[in-house]
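Here are the chains, one letter per residue:
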Amino acid sequence: MSLRTLACVVALLCFSSAASAQYAIHIGSASGLPGQTVTVPVMLDNPSGAQGFQLGLLHDGAVVTATAIGQGPVLLGSNGGAGADYFFFELAPTGGPGIVVGSILSLSPPLETIPAGINNDVAILTYTISALAAPGASSTLSVSAGLGTPPIAVVISVDGVSQLPATTAGSISVETPSVSGLACSIIDPCTCDASLSWTNGFGYDSIEISQNGTPVATLPGTATSHALTLPFGTAADLCVTGTANATASAAACCTLTCTPLPAGTPPSGLVTTVDHATCEATLSWTNNEPDYAGLEVRIDGTPALSLPGTATSAIVSLPATEIVFTLSVGATDACGLTLPETSSTGECLPEQFTRGDVNGDGNIDITDPIAGLSYVFAGAPAGCLDALDPNDSGAIDISDMIYMLTYVFAAGQAPLAPFPSCGVDPSDTDPLDCQTYVCP
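Source: prediction; values computed, not measured.

**Student:** If you had to explain the overall build of the protein to someone new, which residues and values would you point to?
**Tutor:** Broken down by element type, the protein carries 4 helices and 29 strands. Across the 440 residues that make up the protein, the buried fraction comes to 41%. In the protein, the share of contacts with a sequence separation of at least 24, taken over all contacts with a separation of at least 6, comes to 66%. Per element, the accessible surface of the protein, about 19900 Å² overall, is 56% carbon and sulfur.

Set out below in structure tokens:
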């Protein structure tokens, strides 16, 4: 039995009609991506209880296809949850593309009604958006009394009278696909340089990058990456939006926070050893970071040598003799920050002498301890104090003279280096010097 025949039998939809602005049919709206399925409600405004309704609805077949029609929540709750006794629809009526739908809640007593109210959901329409639909396209869902054979009228049945409702069209809009696979990373924690990359989900006209809701870049529609600099220590919400046909996609977003790196730990424990014959200073130290950005050796604050960040030793030439130089090693950390230096001192004392040859005649004999005694007890001049220190104690006293006498007369221990040949002091860390000795 058709909707029109059944409606006449129960005398609900075929009585004389009366127009009333209080009754209305509203069609909802929806949006989705090409190929997606969306649902749209049919809603009634009925100030009095209604026993049924019917309508036709046109759509754009190039944009959407009607695939299903079901009862809305108001109908499904009737008759003890069994739904309307009669629910009729066609997905492809004549005069389309469009649909027709109608319902009578009860075919036998007690006759139930659609409760008086606003926006009563009486039907749910399901549409599939064409996979070929362009973003920004849309289909109007307009109420029509010209669908079907014979045409279906648009009415709400109230107590056997067909009310002619006001109507509000709905629509289905085609969305722009979002980008996918958004990857966000900080590529340089020192500068807070970051990188975004993604896969385009459509042939966009343009792509917009926003940070914390503010646009920061507009890119060509083919772009799949973008570099930008973030603020230190502040979370940045980054979003990528594609636009096609003036329709923006949903944003693909991520959050990045660039945390400032702590300052590195500088090198420490610098030790300096000087080769007095060449005035070359050998420096060694401990690195407290696995790999500095770079190291630099300085002499009295003046750069002398640049080294890779993994170096732990170096050799530099002291620029003058008999001057105490401050040697230091400084490092820059991974972000180029200059770290505190580690330092020590070094002095080149290239004087050559023979230890024990107090009078400088090139021989070690009785005259040398006698000359030493004259220096110790009589204040006689001595041109090479290092020669008067045969035990290399760093101090000159009676023990040095006894040491010499023992060596000369009792085959005692020989003076320490440099001995017996003339040379530089290999352990010149004492205050004694040797300014006038001339090697024979």
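**Student:** So what's going on with helix α4 (residues 398-410)? Which residues, and what values?
**Tutor:** Its 13 residues give α4 an end-to-end C-alpha distance of 17 Å, which sits within 8% of 18 Å, the value for a rise of 1.5 Å per residue. What α4 keeps buried is the set D400, M401, Y403 and M404. Angularly, the buried residues of α4 cover 155 degrees about the axis, an arc narrow enough to put them on a single face. In α4, the exposed residues that point more than 90 degrees away from the buried face are F409 and A410. Capping the start of α4, D397 holds a side-chain oxygen 3.0 Å from the backbone nitrogen of S399, two or three residues further along.

**Student:** Describe the state of the cysteines, with residues and values.
**Tutor:** By the definition in use, this model includes 7 disulfides. One disulfide in the model links C184 with C254; its S-S distance is 1.8 Å. Since a negative S-S torsion denotes a left-handed disulfide, the C184-C254 link at about -95 degrees is left-handed. Taken together, the residues span a long stretch of sequence, with C184 in strand β13 (residues 180-188) and C254 in strand β20 (residues 252-257) at a distance of 70 residues. Two residues share a disulfide in this structure: C384 and C434, whose sulfurs sit 1.9 Å from each other. Measuring the twist about the S-S bond at about -115 degrees, one finds the C384-C434 disulfide to be left-handed. With C384 in the loop between α3 (367-378) and α4 and C434 in the segment after β29 (423-424), the pair connects residues that are 50 residues apart, well separated along the chain. Judged by its relative accessible area of 3%, C384 falls in the buried class.

**Student:** Can you explain the sheet that holds strand β25 (residues 313-317)? Please cite residues and give values.
**Tutor:** The antiparallel open sheet is built from 3 strands, whose spatial order is β21-β22-β25. Whereas interior strands pair on both sides, the edge strands pair on one side only; in this sheet they are β21 (268-275) and β25. Each strand axis lies, on average, 20 degrees off the axis of its neighbour in the sheet, ignoring direction. Here strand β22 (residues 280-286) pairs with β25 via 5 bridges, running antiparallel. Note on β25: the bridge partner recorded for L283 is A314.

**Student:** Can you tell me about the layout of surface pockets, naming the residues and giving the values?
**Tutor:** Taking a probe equal in size to a water molecule and rolling it over the atoms shows the remaining empty space. When its volume is computed, the largest pocket comes out at roughly 360 Å³. As for the largest pocket, its lining consists of 19 residues, and the residues nearest its centre are H276, E347, L349, D428 and T429. At the level of elements, β21 and β27 (342-346) are the ones that each hand at least two residues to the lining of the largest pocket. Among the elements that line the lining of the largest pocket, the one with the most residues is β21, at 3 residues. Residues that form the lining of the largest pocket fall into these classes: 5 nonpolar, 8 polar and 6 charged. Size it by volume and the second largest pocket reaches roughly 190 Å³. Lining the second largest pocket are 15 residues, with P262, G264, D333, A334 and C335 sitting closest to its centre.

**Student:** Break down a nonpolar patch on the surface for me, citing the residues and quoting the values.
**Tutor:** On the surface, I366, I370 and F409 cluster together into a nonpolar patch covering about 300 Å² of accessible area. Secondary-structure assignment places F409 in helix α4. Overall, F409 belongs to the exposed group, its relative accessible area being 58%.

**Student:** Explain the nonpolar core residue by residue, including any values.
**Tutor:** Counting residues in each nonpolar core, the largest one holds 34 residues, and the members touching the most others are L55 and Y127. A per-element tally of this core places strand β8 (residues 117-129) first, with 5 residues. Core analysis: the second largest hydrophobic core is formed by 21 residues, V274, V297, I299 and A331 among them.

**Student:** Account for unusual backbone geometry, with residues named and values stated.
**Tutor:** Here the bond from A417 into P418 is cis, since omega is 5 degrees, no more than 30 degrees from zero. In this structure, P418 sits in the loop between α4 and β29. The step from F419 to P420 runs through a cis peptide bond, and the omega angle for that step is 0 degrees. One non-glycine residue, N119, adopts positive backbone phi at about 55 degrees. In this fold, N119 is placed in strand β8. Even without a glycine there, the phi angle at N212 is positive, about 50 degrees. Structurally, N212 can be placed in the loop between β15 (206-211) and β16 (214-220).

**Student:** Can you explain the pairing of strand β4 (residues 52-58)? Please cite residues and give values.
**Tutor:** Within β4, 6 of the 7 residues are buried, which leaves it mostly tucked inside the rest of the structure. The pairing of β4 with strand β7 (residues 98-104) spans 7 bridges and is antiparallel. In the strand pairing of β7, Q54 is matched with G102. Pairing between β4 and strand β10 (residues 155-158): 3 bridges, direction antiparallel. The residue of β10 that forms the bridge with F53 is I156. As judged from the 3 bridges shared by β4 and strand β9 (residues 138-144), these two strands associate in the antiparallel manner. Residue pairing in the sheet places G56 in a bridge with S144 of β9.

Rules behind the numbers
Residues numbered from 1 in each chain as written. Predicted model: local features only at pLDDT ≥ 70, side-chain atom pairs only at ≥ 80, totals over all residues. Heavy atoms only, no water. Helix = DSSP H or I, 4+ residues; strand = E, 2+ residues; numbered from the N terminus. Buried < 20%, exposed > 50% of the residue type's maximum accessible area, 1.4 Å probe, protein only. Contact = heavy atoms within 4.5 Å. Areas by Shrake-Rupley, 256 points an atom, 1.4 Å probe, with all protein chains shown as cover. Expected span 1.5 Å × (residues − 1). Arc of directions from axis to C-beta. Polar contact = N/O pair within 3.5 Å; in protein donor to acceptor, adjacent residues only side chain to side chain. Disulfide = S-S within 2.5 Å. Pairing = 2+ DSSP bridges. Axes fitted to C-alpha atoms, helices over the stretch in contact; angles between N-to-C directions. 1 Å grid on protein atoms, 1.4 Å probe; cavity = no way out; pocket = protein on both sides within 12 Å on 5 of 7 lines; lining within 4 Å. Points joined across faces, edges and corners; volume = space filled by probe spheres on them. Nonpolar A, V, L, I, M, F, W, Y, C, P; charged D, E, K, R; others polar. Patch = residues over 30% accessible without salt bridge, like charges linked within 9 Å, V, L, I, M, F, W, Y side chains within 5 Å. Salt bridge = Lys/Arg side-chain N within 4 Å of Asp/Glu carboxyl O. Core = buried A, V, L, I, M, F, W, Y, C linked by side-chain atoms within 4.5 Å.

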